[in-house]
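# Close look at the chain arrangement
Letter by letter, the chains look like this.
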Amino acid sequence: MAAAFGAQGRLCVGIDPHAHLLADWGLEASAAGVRAFGLRVVEAAAGRAGIVKPQVAFFERYGSAGYAALEDVVRAARDAGLLVIADAKRGDIGTSVAAYAEAWLTPGSPLEADAMTIAAFQGVGSIAEPMRLAESAGKGLFVLAATSNPEAAAIQQAVVADGPRAGMTVARAIIEDVHAFNQEQPPHPFGTVGLVLGATVALGEYGIDTATAAPAVPVLAPGFGHQGARVEDVDRLFGAFAPGVIVSESRGLLAAGPDGLAEAIGRRAEEVRASHG
């Protein structure tokens, strides 16, 4: 991630083949369509951005053929030197969540990505095995902590009743557990386990202190572009988390269509570099 930031900047291009975008791009709503869509995004992003984020759900809806398409897209992206964050948002306990991590993070797996999104609302302890696998395999996790959908606020702002995080919000407790894990690992430019913090979220309302974030935590920050967050506001929005923020944008770029996408990515990547290196 540090190398990607240095070479191409912080922009992450979402690969989200919505049905309306497939139609706008002249592609079928099928596994073949999402494969073509994904490969075009990879081609446009390569050399212009450092990170891509395929939304697994848009491929999964086409069953096994959709997964075969996703395997091709992920492989093409990694072969092109792009970091791949599988936006899978898996979450479970025990051997089940370990198996999810093995699917996405095991070197040589058909779905091998560089990182995956994961949910830990059953407790961060429930994803201990994925965290260990990510560390040992040189991969990453992004743990949902403060998401932008309004339905999440009641849970993520709820206060932990007991234990070492008692009195903290659920979102803050997740962040503290992530910090604790990273601090126990060998030093890296960025921690193995990062966070998903929505760029449109008022983090203070979630009990998150942006003035004292532990250094070098990766932050996947969806919400830029179409959803309204502005690149120039990263420092204001994220405070001490800002050095690790990945600027994630999907629909605002994809709306440029297959012919305009490369130019849109290049322009946006330059704007991100100009604002934040």
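Criteria and cut-off values
Residues numbered from 1 in each chain as written. Predicted model: local features only at pLDDT ≥ 70, side-chain atom pairs only at ≥ 80, totals over all residues. Heavy atoms only, no water. Buried < 20%, exposed > 50% of the residue type's maximum accessible area, 1.4 Å probe, protein only. Helix = DSSP H or I, 4+ residues; strand = E, 2+ residues; numbered from the N terminus. Pairing = 2+ DSSP bridges. Phe/Tyr/Trp six-rings, centres within 6.5 Å; stacked < 30°, edge-to-face > 60°. Axes fitted to C-alpha atoms, helices over the stretch in contact; angles between N-to-C directions. Left-handed = near helix turned anticlockwise from the far one by under 90°. Contact = heavy atoms within 4.5 Å. Nonpolar A, V, L, I, M, F, W, Y, C, P; charged D, E, K, R; others polar. Salt bridge = Lys/Arg side-chain N within 4 Å of Asp/Glu carboxyl O.

## Some points on the pairing of strand S8 (residues 245-249)
With five of its five residues buried, S8 lies for the most part within the structure. Here S8 shows no split at all, with Val-245, Val-247 and Glu-249 on one side and Ile-246 and Ser-248 on the other all buried. In this sheet, S8 lies alongside strand S1 (residues 11-15) in parallel orientation, the contact comprising three bridges. Within S8, the residue paired with Leu-11 across the bridge is Val-247. Relative to S8, strand S7 (residues 219-222) runs parallel, the two sharing four bridges. Directly across from Ala-221, in S8, lies its bridge partner Val-247.

## Some remarks on the packing of aromatic side chains
Scanning the entire structure with this criterion turns up two aromatic pairs. Relative to Phe-190, the ring of Phe-5 lies with its centre 5.4 Å away and its plane at 70°, an arrangement referred to as edge-to-face. Of this pair, Phe-5 sits in helix H1 (residues 2-8) while Phe-190 sits in the loop between helix H9 (170-183) and strand S6 (193-197); the two residues are 185 residues apart in sequence, bridging distant segments of the chain. The same class applies to Phe-5 as to Phe-190, namely buried.

## Some details on the packing of helix H3 (residues 31-45) against helix H12 (residues 257-276)
Direction vectors running N to C along H3 and H12 enclose 35°, while the axes themselves pass 8 Å from each other. You can see that H3 and H12 cross each other, and the crossing is right-handed. The residues of H12 that touch H3, namely those facing Arg-40, Val-41, Ala-44 and Ala-45, are Pro-258, Leu-261, Ala-262 and Ile-265. Looking at the contact of H3 with H12 residue by residue, the classes come out as seven nonpolar, no polar and one charged.

## Considering the pattern of salt bridges
Tallied over the full model, the rule gives 18 salt bridges. For Arg-75, the salt bridge is made with Asp-72, and the minimal N-O distance between the two is 3.2 Å. One end of the pair, Arg-75, and the other, Asp-72, are both in helix H5 (residues 63-79), three residues apart, so they sit about a helical turn from each other. Look at Arg-75 and you get partly exposed, because its relative accessible area is 41%. Taking the relative accessible area as the measure of exposure, Asp-72 reaches 25% and is therefore partly exposed. Because the salt bridges share partners, they merge into one network encompassing Arg-78, Glu-112, Asp-114 and Lys-139.

None of the figures reported here should be taken as evidence of function without further support.
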